[in-house]
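Structural characterization, general
Residue-level listing of the chains:
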Amino acid sequence: MKFPFLISKFQFGRCFSFKKLYSTVPGKIHKPNFLAYDSPGNILWRVALKGMETYFTKQKIEYPTQYLPSFLERCRNAKVNQEIPYFELKKKVLRSLIKSGSGFSSEIYYSNPEYLEKPVHRKNFTFYVSHLQEIIAAEFFKYARYKDILANTNVDLQRQLTKFTNPGELYPAARSQKRHIIMHVGPTNSGKTYHALQRLKQSKRGVYAGPLRLLAHEVYNRLNADGIRCNLLTGEEIREPHIVPHVVSCTVEMCSIYDSFEVAVIDEIQMIADPDRGFAWTNCLLGLQAKEIHLCGEESAVNLVKSIAKLTRDDFTVYRYNRLNRLKVAKASLRGKLKLQEGDCLVAFSRKDIFALKEKVEEKMGRRAAVIYGSLPPEVRNQQASLFNSEDHEEKILLASDAIGMGLNLTVKRIIFHKLKKFSGTEMIDIPIPQVKQIAGRAGRHQANTDSEQSPGVVTTLYDEDYEALKRAMKFPIKNLTRASIKPPDFVFEKFCSLFPNEVPVRMILERYAKLFKVQGPFSASNFNVNFFTLDLLDTVKELTIEDKISLLGIPIAKQMPQVTEFAYEIGKHIASGKRMQIYDHPYLPLDIIDRGIPRTNEALIDLERLHKKIVVYLWVSLRYPNIILPEAALMAKKITEELLARGLAHMKSSTESSSSSVVAVDN
Ligand SMILES: Nc1ncnc2c1ncn2[C@@H]1O[C@H](COP(=O)(O)OP(=O)(O)OP(=O)(O)O)[C@@H](O)[C@H]1O
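Computed from a predicted structure; not experimentally measured.

Regarding the environment of P69
- With respect to the secondary-structure elements, P69 resides in helix α5 (residues 68-76).
- Among the residues examined, P69 registers a relative accessible area of 54% and is labelled exposed.
- Along the sequence, P69 and E53 sit 16 residues apart, while their C-alpha atoms lie 9.9 Å from each other.

Focus: unusual backbone geometry
- Of note, E268 is a non-glycine position whose phi angle comes to about 50°, a positive value.
- On the basis of relative accessibility, which here comes to 12%, the residue E268 falls in the buried class.
- Of note, the phi angle at Q563 is positive, near 50°, even though the residue is not glycine.
- Looking at the element boundaries, Q563 is found in the loop between α22 (546-551) and α23 (564-577).
- The class for Q563 is partly exposed, based on a relative accessible area of 44%.

Digging into the pattern of salt bridges
- Counting across every chain of the model gives 36 salt bridges.
- When the shortest N-O distance is used, the salt bridge between D430 and K421 registers 2.4 Å.
- The exposure class of D430 is exposed, given its relative accessible area of 52%.
- Salt bridges sharing partners connect three or more residues here, namely R74, E83, R507, E511 and D536.

Comments concerning the UniProt feature "domain: Helicase ATP-binding" (unreviewed entry) in the protein
- Under the present numbering, the feature "domain: Helicase ATP-binding" (unreviewed entry) in UniProt falls on residues 173-290.
- Structurally, residues 173-290 comprises 31% helix and 26% strand, and the distance from its first C-alpha atom to its last is 10 Å.

Some details on the sheet that holds strand β11 (residues 344-347)
- Sheet architecture is open: six strands sit in the order β10-β17-β14-β11-β13-β12, paired in parallel fashion. Among the strands making up the open sheet, the edge pair consists of β10 (327-329) and β12 (370-372). Across the sheet, the axes of successive neighbouring strands diverge by a mean angle of 20°, strand direction being ignored.
- For β11 and strand β14 (residues 414-417), the ladder comprises four bridges, and the chain directions are parallel. Note on β14: the bridge partner recorded for L346 is I416.
- Here helix α17 (residues 433-440) sits on the sheet in contact with β10, β11, β14 and β17 (457-461), set at roughly 145° to β14.
- Each of β10, β14 and β17 is contacted by helix α18 (residues 464-475), which is oriented at about 135° to β17, the strand it contacts most.

Digging into the site of the ligand
- As a structural note, the neighbourhood of the ligand is formed by 14 residues, with K192, T193, Y194, R442 and R445 the closest of them.
- Between the ligand and T193, the relevant distance is 2.6 Å, taken from an oxygen atom to a side-chain nitrogen or oxygen of the residue.
- One of the side-chain nitrogen or oxygen atoms of R442 is found 2.6 Å away from an oxygen atom of the ligand.
- Protein coverage of the free-state accessible area of the ligand, which is 620 Å², stands at 83%.

Brief notes about the pairing of strand β8 (residues 289-297)
- Here β8 lies mainly inside the structure; eight of its nine residues are buried.
- Across six bridges, the pairing between strand β2 (residues 180-185) and β8 is parallel. Residue pairing across strands places I182 opposite H294, the latter belonging to β8.
- Two strands pair when backbone bridges link them, and strand β7 (residues 260-266) and β8 are joined in this way by six bridges, in the parallel orientation. Bridge pairing in β8 links V263 to E292.
- The parallel pair β7 and β8, bridged by helix α13 (residues 278-287), forms a crossover whose chirality is right-handed.

Observations regarding the packing of helix α19 (residues 490-497) against helix α20 (residues 506-516)
- Their axes nearest at 10 Å, the elements α19 and α20 cross at an angle of 110°. The angle between α19 and α20 places the two elements in the roughly perpendicular class. Here the hand of the crossing between α19 and α20 comes out right-handed. Here V492, F493, F496 and C497 of α19 lie close against α20, whose contacting residues are V506, I509, L510, R512, Y513 and L516.
- Partitioning the contact of α19 with α20 into residue classes produces nine nonpolar, no polar and one charged.

Definitions and limits used
Residues numbered from 1 in each chain as written. Predicted model: local features only at pLDDT ≥ 70, side-chain atom pairs only at ≥ 80, totals over all residues. Heavy atoms only, no water. Helix = DSSP H or I, 4+ residues; strand = E, 2+ residues; numbered from the N terminus. Buried < 20%, exposed > 50% of the residue type's maximum accessible area, 1.4 Å probe, protein only. Salt bridge = Lys/Arg side-chain N within 4 Å of Asp/Glu carboxyl O. UniProt positions renumbered as here; feature names shortened; annotations may be inferred. Pairing = 2+ DSSP bridges. Axes fitted to C-alpha atoms, helices over the stretch in contact; angles between N-to-C directions. Contact = heavy atoms within 4.5 Å. Near = heavy atom within 4 Å. Polar contact = N/O pair within 3.5 Å; in protein donor to acceptor, adjacent residues only side chain to side chain. Areas by Shrake-Rupley, 256 points an atom, 1.4 Å probe, with all protein chains shown as cover. Right-handed = clockwise from strand over helix to strand, strands pointing away. Parallel < 35°, antiparallel > 145°, perpendicular 65-115°, else oblique. Left-handed = near helix turned anticlockwise from the far one by under 90°. Nonpolar A, V, L, I, M, F, W, Y, C, P; charged D, E, K, R; others polar.

Dropping the structure here:
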């Protein structure tokens, strides 16, 4: 095996060496520890960045020192799903080596620009580094110029547009009418939503705003079943069976503040404090034009909503409810034994655990279990919930993630927590107490129209080690919310963007906005980070207008989506050019996954889930650009994908690797 040419330490900074390559711990015989040496491309990139100050000094180039550290820091973080512009810069500078006659092969770059096909030899190294630094310097001066523009253009106007003394004034139409805020508060399963919906049904012009597509669908189906003319509006889908509906059921983000309603219902009002999504609830609460606004949710939101109602000079009433069925903590855990009964819901916080537990439960019970988890489409979650709820199906045990915390009406008798910790993406964290209580509250769901005494809900843990933590969580007092999350309405941010020349990346404008943003009263700034990634994506499509980028800010794109940059770029390019497309025209949307048929393995299921997510994003954009991003084929593909997912779950045997995983070492 030809070892990569050894390069001395000073040139590569962090580098590998034969000695390290075969490091063994004295006294212990280890397999050779093949240090994962870094790619020559990455090393070239890092050394070039590290030497930028020296480069400027050597070339006697004057540069704005104040901006260099932040620029270099972002270049260092240049990952495909983080700092996209800097990752694009990295690709650009490394690809330039091909053109420089360096003999690097091109195909490697286009698949993964961090890797060069062959190592860099000492004699050329300095040449390559200075070649990269020349391109990086040009990019840096562009960055510095944008920073100067942002720091010195219309500064007074910038401050006016970023300082909110009374956010209520941003919604003059709502302020021009007397509204009545009515809160329905209590623990889960206490009839809050039921009572609010009863009032909504009596209105001739009403709206229901829920936190999930699933809930909007559920209310849409329930109201139509009760003979109420209800249409559906979610980020991805519009269903308008009625030309003149009495009610619109929508997701909170899609709730209109420009239409007038008699009665509005906003569900899960405690989400108003959520740093990422809470702004949507705040927008509804401040901006809805409705005589009556019914808010359903936890007691923790009462004081906060009351203080906002005072600011908006609205009437304010609170109705409090108690649980319809008692909820109690079992006397002990299951002590690791999967002794489950009908109506049990085993809650796990990773997809892998859910499927591994599903396999063990099905083995033990000799029949299928239903599953519900976050990356399942709402339609499939509903289908699994129906299997679990109905008498005529064998699925009497449910494996679920925290996705059951909200909305789904499930006839769960007992909630069993597999663990009370979950992986946050970087480390294991305790499940937040409000979430533990919300999930536990799903046990013992009140069954309407049954006279029989309804048994209390029970909650426990699978393992002893989590049992005490559960008891503490269930007794934990409610913590009152103090601030509603808020961010500028689109028209304010659009005006802010108009202060600067079009060449300034919108992502940098938003960073400037977030830095200056100040709000008074019981409000706190929303987490703008969720938009940075999206703007990075959209900024790659130079031809998109500012208005387009702002209207696309809420696109439900996931950072970890495969080929997310290319996927978004393709759609943005069509919007900018006005060139129409159907979903099958999109080169980064692997519709061929559908041709594989019913998924038989975990991997196949994950591929379908990822495809479904991309189809949903495509439909979300299509709803906003229906004449360019055409929906017909996508709606068909969505339906087929959901059908395949539902069938796959029915036949799913999780892959052997997950069933043997230690995470679910349970006693039989
Ligand atoms: N007065 C009632 N008459 C008949 N059914 C009711 C009544 N109140 C509640 N229900 C039923 O009990 C179940 C729980 O009610 P609801 O969903 O309103 O509770 P909730 O407090 O909003 O729960 P969650 O916080 O979990 O959303 C639902 O199936 C609902 O239809």
